[in-house]
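# Descriptive structure summary
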Amino acid sequence: MTSSALAGAGAGDGRDAEAATSVLRADDVAVHFGGVKAVDGVSIVLTPGRLFGILGPNGSGKSTLLAALTRLVPLTRGRLEFEGRRYDRVRPHTIAARGVARTFQTVRILPGRTVFDNVALGAESAGSGSKAERGRARERVRRAIERTGLSGKERHRPDELSYGHQRRVEIARAIASEPTLLLLDEPTAGMNRQERDDITGLLADLRAEGLTQLLIEHDVQMMVDACDHLFAMNFGALIAEGEPEAVVRHPAVQEAYLGTQGRAHA
Amino acid sequence: MAQHILNAVALGSVYLVFALGMALAWSTIGILNFAHGATFMFSAFTAHVITQQVALPMPAVVLIAVAAGALIATLTQVLAFGPIMRRATEHRAAELRILIGGIGVAAIPLAIAERVTASAPFGFRGSTYQAQVFEVFGLRMTTTVLVIVVAGIGIGVGVWRWLATSRQGLALRAIGVDSETASLMGVDRATLALGTMATSGALAGLAGALLTFQLGAIAPASGDQLLIKAFAIVVLGGLGSMGGVIVGAFVLAGAETFVLAMNQGTWVDAVSFGLIFLVLLLRPQGLFGRKEVRRT
Amino acid sequence: MIDWYFSHIVLIQSTFTTLLLALSVQVPLRAGVFSFAGVGCYGIGGYLAAIGMVHYGLSTATAILLAAVAGGAVAYALGLLIQRLTGLYLAMATVAFTLIISVLVVNGGDLTGGASGLFGALGMLDTGHLLAVVVVVVAALTFTELGPLGRRIEAVREDPELASAMGIDVARYRRATFAVSGMLGGLSGSMTVLLRSTVTPDDINFHLVVLALTIIIVGGSRSWIGALIGTVIFVWMPEVLAFVGEWEDVVYGVLVAAAAVYLPGGVTGAAVDGYRKYRRKRREAAASPPDAPPPQQAAAAVGGDS
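Since this is a predicted model, take the numbers as computed values, not measurements. (Residues numbered from 1 in each chain as written. Chains lettered and ligands numbered in written order. Predicted model: local features only at pLDDT ≥ 70, side-chain atom pairs only at ≥ 80, totals over all residues. Heavy atoms only, no water.)

### Observations concerning the overall build of chain C
As a reminder of what qualifies: What counts as a helix is a DSSP run of H or I of at least four residues, what counts as a strand is a run of E of at least two, and both are numbered from the N terminus. Here a residue-residue contact requires only that any non-hydrogen atoms of the pair lie within 4.5 Å. Counting rule for charge: Lys and Arg are taken as positive, Asp and Glu as negative, and neither His nor the chain ends is counted. Charged groups are reduced to one reference atom each: NZ for lysine, CZ for arginine, CG for aspartic acid, CD for glutamic acid.
Tallying secondary structure elements over chain C gives 16 helices and 0 strands in all. In terms of overall dimensions, chain C has C-alpha extents of about 85 × 55 × 35 Å along its principal axes. Partitioning the intrachain contacts of chain C with sequence separation of at least 6 by distance along the chain shows that 78% fall at a separation of at least 24. Considering chain C, the positive charge centre built from 17 side chains and the negative charge centre built from 19 side chains are found 14 Å apart.

### A few points about the environment of Thr144 of chain C
Residues and elements named next belong to chain C. Convention followed: Only protein chains enter the calculation, and the probe is 1.4 Å; a residue is then buried if its accessible area is under 20% of its type maximum, exposed if over 50%, and partly exposed in between. Within 3.5 Å is the distance limit for a polar contact, defined as a pair of N or O atoms, with the added protein rule that one can donate a hydrogen and the other accept it, and that residues adjacent in sequence qualify only through two side-chain atoms.
Summarising the element assignment, Thr144 is placed in helix H7 (residues 127-145). The buried category is assigned to Thr144, whose relative accessible area is 17%. Along the backbone, Thr144 and Ser223 are 79 residues apart, and their C-alpha atoms lie at a distance of 9.7 Å. Residues contacting Thr144, with those up to four places away along its chain left out, are Arg30, Leu149, Gly150 and Ile153. Polar side-chain contacts of Thr144 include one of 2.7 Å to the backbone oxygen of Leu141.

### Concerning the packing of aromatic side chains
Residue and element names in this part refer to chain B. As a reminder of what qualifies: The criterion for an aromatic pair is that two Phe, Tyr or Trp rings (for Trp, the six-membered ring) have centres within 6.5 Å, with stacked assigned to planes under 30 degrees apart, edge-to-face to planes over 60 apart and tilted to the rest.
Taken as a whole and judged by the stated rule, the model has 13 aromatic pairs over all chains. Ring geometry for Phe42 versus Phe45: centroids 5.4 Å apart, planes at 40 degrees, classification tilted. Taken together, the residues Phe42 and Phe45, both in helix H2 (residues 36-53) and 3 residues apart, mark about one turn of the helix. Exposure class is identical for Phe42 and Phe45. Each is buried.

### Quick look at the UniProt feature "transmembrane region" (unreviewed entry) in chain B
All names here are of chain B. How we decide: UniProt positions are given in the numbering used here, feature names are shortened, and annotations may be inferred rather than shown by experiment.
Those places that UniProt annotates as "transmembrane region" (unreviewed entry) correspond, in this numbering, to residues 5-25, 31-50, 62-84, 96-116, 137-163, 192-218, 230-253 and 265-282. Between the C-alpha atoms that bound residues 31-50 there is a distance of 30 Å. The span itself is 75% helix and 0% strand. Along residues 96-116, the helical share is 100% and the strand share 0%, with 31 Å between the first and last C-alpha atoms.

### Things to note about the pattern of salt bridges
Quick reminder of the rule: Salt bridges, as used here, are contacts in which a Lys or Arg side-chain nitrogen is within 4 Å of a carboxyl oxygen on Asp or Glu.
Following the criterion strictly, the structure yields 26 salt bridges over all chains and no others. A salt bridge links Glu124 of chain A to Arg151 of chain C, with the nearest nitrogen and oxygen atoms 2.4 Å apart. Separated into two different chains, Glu124 of chain A in helix H5 (residues 115-124) and Arg151 of chain C in helix H8 (residues 147-158) make up a pair that spans both. The pair Glu124 of chain A / Arg151 of chain C is uniform in exposure class, with both members buried. The residue Glu158 of chain C makes a salt bridge to Arg157 of chain C at a minimum N-O spacing of 3.3 Å. With a relative accessible area of 29%, Glu158 of chain C lands in the partly exposed category. The exposure class of Arg157 of chain C is buried, given its relative accessible area of 9%. Connected via shared salt-bridge partners are Arg113, Asp117 and Glu124 of chain A together with Arg151 and Glu154 of chain C.

### Description of the interface of chain A and chain C
Note the threshold: Reported buried area values correspond to the accessible surface (1.4 Å probe) lost by two parts on association, with both partners' losses combined. For this classification, Asp, Glu, Lys and Arg are treated as charged, while Ala, Val, Leu, Ile, Met, Phe, Trp, Tyr, Cys and Pro are nonpolar and the rest, including Gly, are polar.
Of the residues lining the interface, 25 residues belong to chain A; the matching set on chain C comes to 21 residues. Of the roughly 2300 Å² buried where chain A meets chain C, counting both sides, 53% is carbon and sulfur surface. For the interface between chain A and chain C, the tally reads 6 salt bridges. Of all the secondary-structure elements, those providing two or more residues to the side of chain A that touches chain C are helix H4 (92-97) and H5 of chain A. In terms of residues, the side of chain A that touches chain C owes the most to one element, H5 of chain A, which gives 5 residues. Counted by class, the side of chain A that touches chain C contains 9 nonpolar, 5 polar and 11 charged residues.

### Quick look at the side chain of Ser221 of chain C
Within the secondary structure layout, Ser221 of chain C lies in the loop between helix H11 (206-219) and helix H12 (224-240). Excluding residues within four positions of it along the chain, Ser221 of chain C makes contact with Gln26, Leu29, Arg30, Ile216 and Gly265 of chain C.

### Observations concerning the arrangement of the chains
The pair of protein chains exhibiting the most contacts, out of 2 pairs of chains in contact, is chains B and C. One finds no contact linking chain A with chain B; the least C-alpha distance across the pair is 11 Å.

### A look at the packing of helix H4 (residues 60-81) of chain C against helix H10 (residues 170-196) of chain C
Residue and element names in this part refer to chain C. Basically, it comes down to this: Between N-to-C directions, angles cover 0 to 180 degrees, with each direction set by a line fitted to C-alpha atoms, over the stretch in contact for helices. If you view the pair so one helix is near and one far, a crossing is left-handed when the near helix is turned anticlockwise from the far one by less than a right angle, and right-handed when it is turned clockwise.
Running from amino to carboxyl end, H4 crosses H10 at an angle of 145 degrees, the nearest separation of the two axes being 7 Å. When the axes of H4 and H10 are compared, the crossing they make is right-handed. Note on element contacts: H10 touches H4 through Arg175, Phe178, Ala179, Gly182, Met183, Gly186, Leu187, Ser190, Met191 and Leu194, opposite Thr60, Ala63, Ile64, Ala67, Ala68, Gly71, Gly72, Ala75, Tyr76, Leu78, Gly79 and Leu80. For the contact of H4 with H10, a count of residues per class yields 14 nonpolar, 7 polar and 1 charged.

### A few points about the confidence of the model for chain B
Applied cut-off: A score from 0 to 100, pLDDT tells how confident the predictor is in each residue.
Summarising the model, chain B shows a mean pLDDT of 87, and 93% of its residues fall at 70 or more. Contacts for the low-pLDDT stretch residues 292-296 of chain B, under 50 throughout, to residues beyond four places or in other chains number 12 contacts.

### Observations concerning the sheet that holds strand S2 (residues 36-46) of chain A
Residue and element names in this part refer to chain A. Rule in force here: When DSSP finds at least two bridges between two strands, those strands are taken to pair.
Taken in spatial order, the 4 strands of this open sheet run S2-S1-S4-S5, and their pairing is antiparallel. Both edges of this open sheet fall to S2 and strand S5 (85-86), since each of them pairs with a single strand only. Here 8 bridges tie strand S1 (residues 24-33) to S2, and the two strands are oriented antiparallel to one another. From the neighbouring strand, Ala26 faces S2, where its bridge partner is Ile44. Packed onto the sheet, helix H3 (residues 62-69) meets S1, S2 and strand S4 (77-82) and runs at close to 115 degrees relative to S1.

### A word on the confidence of the model for chain C
Residue and element names in this part refer to chain C. For chain C, per-residue confidence averages 88 on the pLDDT scale, and residues scoring 70 or more make up 92% of the total. Across residues 290-306, where pLDDT falls below 50, the model places 10 contacts with residues more than four positions away in sequence or in other chains. Interface confidence in the predicted complex, given as ipTM, is 0.85; pTM for the same model is 0.86.

### Observations concerning the domain arrangement of chain C
Residue and element names in this part refer to chain C. To keep it simple, the criterion reads: Boundaries between domains were set according to an automatic or database domain assignment.
One can read the domain layout of chain C as domain 1 (2-248) and domain 2 (265-306). For domain 1 versus domain 2, the separation of C-alpha centres amounts to 39 Å. Counting residues at the interface gives 8 residues for domain 1 and 4 residues for domain 2. Summed over both sides, the interface between domain 1 and domain 2 buries roughly 350 Å², with carbon and sulfur atoms accounting for 64% of that surface. Interface area lost by domain 1 to domain 2 is led by Val218, Gly219 and Ile229, which between them contribute 51%. In this structure, the connection of domain 1 to domain 2 is made through 0 salt bridges. Mapped by element, the contributors of at least two residues to the side of domain 1 that touches domain 2 are H11 and H12.

### A look at a positive patch on the surface
Here is the rule: Without a salt bridge and with relative accessible area above 30%, a residue can belong to a patch; like charges are then joined within 9 Å and nonpolar side chains (Val, Leu, Ile, Met, Phe, Trp, Tyr) within 5 Å. Computed with a 1.4 Å probe, the accessible areas rest on the Shrake-Rupley method; for each residue, only the protein chains presented here act as cover.
On the surface, Arg138 and Arg155 of chain A together with Arg279 and Arg282 of chain C cluster together into a positively charged patch. Structurally, Arg282 of chain C is set in helix H15 (residues 266-286).

### Description of the pairing of S4 of chain A
Residues and elements named next belong to chain A. Here S1 runs beside S4; their pairing, made up of 5 bridges, is antiparallel. Directly across from Leu24, in S4, lies its bridge partner Phe82. Once S4 ends, the chain turns through 2 residues before running back antiparallel as S5, passing Glu83 with a positive phi of about 50 degrees.

### A few points about the sheet that holds strand S8 (residues 212-216) of chain A
Residue and element names in this part refer to chain A. In space, the 6 strands of this open sheet follow the order S6-S7-S8-S3-S9-S10, with mixed pairing throughout. Only two strands of the sheet have a single partner each, and these edge strands are strand S6 (100-102) and strand S10 (237-242). Taken pair by pair, the neighbouring strands of this sheet meet at an average axis angle of 20 degrees, ignoring direction. In the sheet, S6 pairs with strand S7 (residues 181-185) via 3 bridges, with the strands oriented parallel. Paired with Val100 across the strands is Leu181, a residue of S7. Packing of helix H8 (residues 193-208) onto the sheet brings it into contact with strand S3 (51-55), S7 and S8, and relative to S8 it is tilted by some 155 degrees.

### Observations regarding the packing of helix H10 (residues 242-261) of chain B against helix H11 (residues 268-282) of chain B
Residues and elements named next belong to chain B. Packing of H10 against H11 brings their axes to within 8 Å, and their N-to-C directions diverge by 145 degrees. In terms of crossing hand, the pair formed by H10 and H11 is right-handed. For the pair H10 and H11, the contacting residues are Leu252, Ala255, Glu256, Val259 and Leu260 in the first and Val268, Val271, Ser272 and Leu275 in the second. Of the residues assigned to the contact of H10 with H11, the class counts are 7 nonpolar, 1 polar and 1 charged.

Shown next, in the form of structure tokens:
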């Protein structure tokens, strides 16, 4: 305990004060596919314990940005840092093992495996093979399943679950790894009102526990309610960021969402 | 020297007709037909069985082999590949199952032909065709070689241009590039697949008849060897490029003839195997292929 | 029983060696790596064991060990070389590798005996030795099929991108399957040759690739049990069904094609699916509507019926 606190203090009075206060830092990140500039020069900083959101119309580059942050697509240019360490050259499994977990826009769970097995996939990758570690992994799985409201469905297979429950498995798998940073790509897509409220409640709980999160969603009202800080994207670039209400009222965001009518209205 | 070149051109023409059939189905409807070699062999075998009963002229023998090839490939599509394509949910799984289904289908005609011939080579002895030998500029030519080269190059260039310029060719290529857009364009995938497979089989049958006339006889197992060679040709030329197949066929035939001419006969097979390996390693999209060969 | 054993000893022994060959293709396939390098290593192992015994007077155990280690090393190196290839391209590159081995041994001069191969490499092997090797291999593979490792391998196969997002080093798993596949191929090849005492270039052919694939596809590709079932079917079928003997290859062809169309998971896959459907029905019967009998009774009734 004391030694880690000391180490933290040592890093704190180092040269880069901001690196110590940011969980993730992306500088001038660009991802081009041939001539298509899916993400072009985006810079964001995620500070600990807050819930961040990315707003933007379809095709604005949100999911590509998430893929870039998790190293699943190569950067055309830019720099990535996680907890003060640069990671834009490492392979994707490394950054996942360091504590970045994510969910996918489409449900991606192993079709032949039970809910328990699928969630365990997230919990185990963090640990080694010792017996005590395996016990802790089981406990993480159990807790993730409980928190996502999947209790009683541990032995079910994906084809026996509703779409909403399949999405919950995705989220359970991500939080079972007890990450430092959680990236969520449209976690409530295809869910009904009640299920959405369950998930936003869960995200608020995780935030209260100090987990840093970055959320992509389409529902503007939900994003304003849930997030501490919003980024708005369009055509692969950041068009606004800051307090959620301010970002939503920002003329560029209004235009991106409502087109020229929005501008005329404003 | 010139004689070797002539041999290489004749061999390359047969490779071309065979490989073109394989490339046609693979690059358009996404079927790598592992029964293509067996189709080739069994078409020639069918013609062989018929010529044992009836003395037929060369064109009739060729026609029988072409029809037999088209029929075998159509049956393969209807009984194996079609059902797999309908049942498989994703492309990667379908690809693997089509490969395996093709291997299974290929075993059947091979087993039948090997049983009937006791694995001995068979030819068209019953045919009325007699090859005429003549000399052109000091080169020993036969009418067979002439027919093979004219048919090979004619069909090669014909298919290449047809695919590049005709309406049906465009529809086929559209499926090869993006099957979803193609179906929006009103292209009926199942019908097109059947037609493509029949054409591909007909080319295998033609190659079977031509090679048997050229060599006098072929062994039942020769289909498998040719299959690997055709794969080497398509990979070298680049999947999706028919012009690439033409170049690939003559490059492989030239290289093999060269190895033979150097009296290194036991290394001939290594040419195609080595070519597959080197091309996939150094330039997976081949000489003229589209860039998006699947790599991770 | 003893009589039966001695009259079938060749089939019994070839069941074990064929199982190892099939596993050499199944192990990579289970991780989504469509590689036939194991079959090439079968050839390498067979020739190394024969060369070791004929030219260098190695003991049986040393020869087999050498074959397994060399097979693993060669396949691992091959895996490094072609690690960017996937799917059909990987399959064909490894088929080409396998067939190149057969061309190499034809041209190997006195060392490999050229086209006629090597003779007199009779090892001191009995069924007990084979059984012991197979048990060790199967135990190790069982470990890779169950628990966390099994889940991770499945993730690497089903969705490599998801696997890396879960912190799994996909490339490392793929390379490891190459090494294991090469070792299994080397084991199978060396033991086959030392039982037969001869090896020729014709022993390494495309048909061997087809046989290994056939066994896995018909038996099932997800577990060694599938490979075992497939091996037993294809090694023993001609013996049990005499009429099949005549048209053996035709029957194989029909079985493989039918399995590709109708049983993508093979015999074991179909059995597992059937069992799950049965279990689900039971569970649905247990979670019954109000007018049905209480859960325990319903479950008991279904249980009693079966």
